[in-house]
Amino acid sequence: MKCLTFTPFPLCGTNGDCIELTNETSVCECKNGYSQSLDFSSYFISENELEGMVCFYHDATVTTLYVLLLLMSLSYLLLHAVVIKTRSQLMRQLPLLVFGVLVLVLSI
């Protein structure tokens, strides 16, 4: 497997270096804080080819985005739960509460 490239970027992207193991095999070594991920590339690469994937996954940024999603979904649920006073309000808010719980669970 050869290292992947996306024109006009170099092999392994700007955050990694391509290391030749043999004439036919090379891997991408990512810089600190970056890694390879199949999250955004599942349409054109399989999991066993991950070692040659471009280093574009900034770990701190993705972690920060997940934490923000978690905080926003918690505040969404709390704001909706505070206004519920009667059973009829609960029934009207139920779809929104279920949606909020799904977002919360999927962000963990």
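A.B. asks: Lay out the environment of Leu97 with the relevant residues and their values.
C.D. replies: Counting through the fold element by element, Leu97 comes out in helix α2 (residues 87-106). The spatial distance from the C-alpha of Leu97 to the C-alpha of Leu78 is 9.5 Å, given a sequence separation of 19 residues. Dropping the residues within four chain positions of it, Leu97 is found in contact with Leu77, His80, Ala81, Ile84 and Leu90.

A.B. asks: Break down the state of the cysteines for me, citing the residues and quoting the values.
C.D. replies: Tallying each qualifying case throughout the model produces two disulfides. Here Cys12 is linked by a disulfide to Cys28, with a sulfur-sulfur distance of 1.9 Å. Disulfide Cys12-Cys28: torsion about the S-S bond near -85 degrees, hence left-handed. Linking Cys12 in the segment before β1 (16-20) with Cys28 in strand β2 (residues 26-30), this pair joins segments that are 16 residues apart in sequence. With a sulfur-sulfur separation of 2.0 Å, Cys30 is cross-linked through a disulfide to Cys55. Residues Cys30 and Cys55 share a disulfide whose torsion about the S-S bond is about -80 degrees; that sign makes it left-handed.

A.B. asks: Give me the side chain of Asn15: which residues, what numbers.
C.D. replies: Relative to the elements of secondary structure, Asn15 occurs in the segment before β1. The buried category is assigned to Asn15, whose relative accessible area is 16%. For Asn15, the side chain forms a polar contact with the main-chain oxygen of Cys55, separated by 3.4 Å. Apart from residues lying up to four places away in sequence, Asn15 is in contact with Cys30, Lys31, Tyr34 and Cys55.

A.B. asks: With reference to specific residues and values, describe helix α1 (residues 59-82).
C.D. replies: Over its 24 residues, α1 extends 35 Å from the first C-alpha to the last, a length consistent with the 34 Å expected when each residue adds 1.5 Å. The set of residues buried in α1 consists of Val62, Ser73, Leu77 and His80. Check the buried side of α1 and you find it contacts β4 (57-58) and α2.

A.B. asks: Quick rundown of the packing of α1 against α2? Include the residues and the values.
C.D. replies: As a packed pair, α1 and α2 sit with axes 9 Å apart at the nearest point and diverge in direction by 160 degrees. As far as their axial angle goes, α2 and α1 are roughly antiparallel. Crossing of α1 over α2 shows left-handed handedness. Touching Leu69, Leu70, Ser73, Leu74, Tyr76, Leu77, His80 and Ala81 of α1 are Gln93, Leu96, Leu97, Phe99, Gly100, Val101, Val103 and Leu104, all from α2.

Conventions used here
Residues numbered from 1 in each chain as written. Predicted model: local features only at pLDDT ≥ 70, side-chain atom pairs only at ≥ 80, totals over all residues. Heavy atoms only, no water. Helix = DSSP H or I, 4+ residues; strand = E, 2+ residues; numbered from the N terminus. Contact = heavy atoms within 4.5 Å. Disulfide = S-S within 2.5 Å. Buried < 20%, exposed > 50% of the residue type's maximum accessible area, 1.4 Å probe, protein only. Polar contact = N/O pair within 3.5 Å; in protein donor to acceptor, adjacent residues only side chain to side chain. Expected span 1.5 Å × (residues − 1). Axes fitted to C-alpha atoms, helices over the stretch in contact; angles between N-to-C directions. Parallel < 35°, antiparallel > 145°, perpendicular 65-115°, else oblique. Left-handed = near helix turned anticlockwise from the far one by under 90°.

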